[in-house]
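# Topology and contacts: notes
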Amino acid sequence: MRVALPRRSHPARAVLPRRAGPERAALRRSAARLSWLALLAASAGCAAPRVARSVDGQVIEGRYIEARAYALYAIAAEAEARGDLATALQAYELAEDSDPDSADIWTRIGSIRCRLGQGWAADDAFERARAIELDYAPAHREQARCDLAAGRLEPALARVERAILLDPDRDEGILLRAEILRRLGRIDDARLALRALLVRRPWSVDAWRALHAVALAAGDRASAEQAERRLRELAPRGDAAGRPPSSRGPLAELDEALVLGQLRRARHLARDADLPPAEVAVRAAALGRVGEAREQAELVAGADPASASALVALAVAADLSGDVEALTRACDALHASAAGGGLVVSPSPLARLLFAELLFRRVGRDAALTWLGPRPLPAPGARDPLSREVERRVERELAGGAPAAR
């Protein structure tokens, strides 16, 4: 049952439906348990007025965020990545209670309200996001997506073009603009935009899929067949014109998103590929993308403190960035979970390799071998070049002997 609850911090706001009772209380309890996430983001001290954070792969300086709001945001983002929109909206709205000046939170609220069919409430959220930060590109882009869903094509085009102007390197905006142009009947413009994107991103499954749709709409058989061929090459077990294969998906596309700092997109690709959220953090760590690895690992560990793979990714990211304090916390959490029987699922094969490499760097060869055990190194699978590369690297390091002694 859903009831209308007034928001104390904003008495002038329209009353919106919320979950009540045990579900809301459970979210509050989860936030309290996860408040340590704020400590991972803050550079020093709870009272610090400015902190450094990783946002979509970029380290930026920003205002201090209350621990409860940070933890609730983690719960919301994890629920959104799983497709649980009702829980995500509830957690984002609770996070906003504690941090009403976040353009990001208001944008996520608007996006989810739109997807849940709450169009008028979504517009209110986007307006609040822009009132906080007028040139916040995601707010313009997500409202454009909402306008498109409602059939408001001209406003959608104006908004997405504003978003692209503010953030020209974000593929999401370019793809969204191409779709709006296609729906407007401006086929040549849509095709030109997608061709330009594919010059920069020749491995983009989404761009080839969009070009396929545009070519079909234009009756351009040659371009449609080219797009089909490329989609078969990039996702050989998938349907060229449909969704990527659900069992695995093109990991190269996910890795490319991580390398480009597109963490939100990588999360969506992982969800489509049925890849656990923790593995996104692990792959980011394997690629040396410290910001993305740490942000995703904190998110997953916040939702599941016993996630061994997430804790390994967090430890590796901390080690690569020279953050000994965060490394110690991650290793302590791994030890505490293992000692308490909390690690229900073992680290993934790639996570095991990365932690062996960390132990080799920090402790020595014997510690790495002990961690891996007497069995042969895990075989990641012939279709995963990243895992094969890490495996070969670990084998070379262990065969060559020693580091550590720092």
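Residues numbered from 1 in each chain as written. Predicted model: local features only at pLDDT ≥ 70, side-chain atom pairs only at ≥ 80, totals over all residues. Heavy atoms only, no water.

## Some remarks on the state of the cysteines
Covalent bonding between the sulfur atoms of two cysteines defines a disulfide. To keep things clear, this is the line we draw: Cysteine sulfur pairs qualify as disulfides if the two atoms are within 2.5 Å. Secondary structure follows DSSP: runs of H or I at least 4 residues long count as helices, runs of E at least 2 residues long count as strands, and numbering of each begins at the N terminus. Working definition: with a 1.4 Å probe on protein chains only, accessible area under 20% of the residue-type maximum means buried, over 50% means exposed, and in between means partly exposed.
Scanning the entire structure with this criterion turns up one disulfide. Cys114 shares a disulfide with Cys146; S-S distance 2.2 Å. Handedness of the Cys114-Cys146 disulfide follows from its S-S torsion of about 105°: it is right-handed. In this pair, Cys114 sits in helix 5 (residues 103-115) while Cys146 sits in helix 7 (residues 137-149), placing the two residues 32 residues apart along the sequence. According to the relative accessible area criterion, Cys146 is buried, its value standing at 3%.

## A word on empty space enclosed by the protein
For clarity, the cut-off: Cavities and pockets were defined on a 1 Å grid built from protein atoms only: a cavity is a group of points that admits a 1.4 Å probe but offers it no way out, a pocket is an open group of points flanked by protein on both sides within 12 Å along at least five of seven lines, and a lining residue is one with an atom within 4 Å of any such point. Grid points are joined across faces, edges and corners, and a volume is the space filled by probe spheres set on the points. Each residue gets one of three labels, nonpolar for Ala, Val, Leu, Ile, Met, Phe, Trp, Tyr, Cys and Pro, charged for Asp, Glu, Lys and Arg, and polar for the others, Gly among them.
A full pass over the atoms with the stated rule returns two cavities of 30 Å³ or more. Its boundaries defined by the atoms lining it, the largest cavity holds a volume of some 60 Å³. Taken together, Ala77, Glu80, Ala81, Arg264, Arg267 and His268 make up the lining of the largest cavity. Of all elements in the fold, only helix 3 (67-82) and helix 14 (263-272) reach the threshold of two or more residues within the lining of the largest cavity. Looking at the lining of the largest cavity residue by residue, the classes come out as two nonpolar, one polar and three charged.

## Here we look at the confidence of the model for the chain
To keep it simple, the criterion reads: For every residue, the pLDDT score states the predictor's confidence, bounded by 0 at the bottom and 100 at the top. In this description, contact between two residues means that some pair of their heavy atoms is separated by no more than 4.5 Å.
Considering every residue of the chain, the mean pLDDT works out to 75; 72% of them sit at 70 or more. Low pLDDT, under 50, characterises residues 376-382; the predicted model gives this stretch 15 contacts beyond four residues in sequence or across chains.

## Describing the pattern of salt bridges
Stated precisely, the cut-off is as follows: In the sections that follow, a salt bridge refers to a side-chain nitrogen of Lys or Arg positioned within 4 Å of a carboxyl oxygen of Asp or Glu.
A complete count under the given rule lists 31 salt bridges for this structure. One salt bridge connects Arg209 with Asp206, and the closest N-O pair in it is separated by 3.2 Å. On the criterion of helical spacing, the pair formed by Arg209 and Asp206 is a turn pair, its members being three residues apart in helix 11 (residues 205-218). Given the relative accessible area of 24%, Asp206 is considered partly exposed. Notably, a salt bridge pairs Arg396 with Glu389, separated by 3.8 Å at the nearest N-O pair. Glu389 gets classed as partly exposed once you look at its relative accessible area, which sits at 32%.

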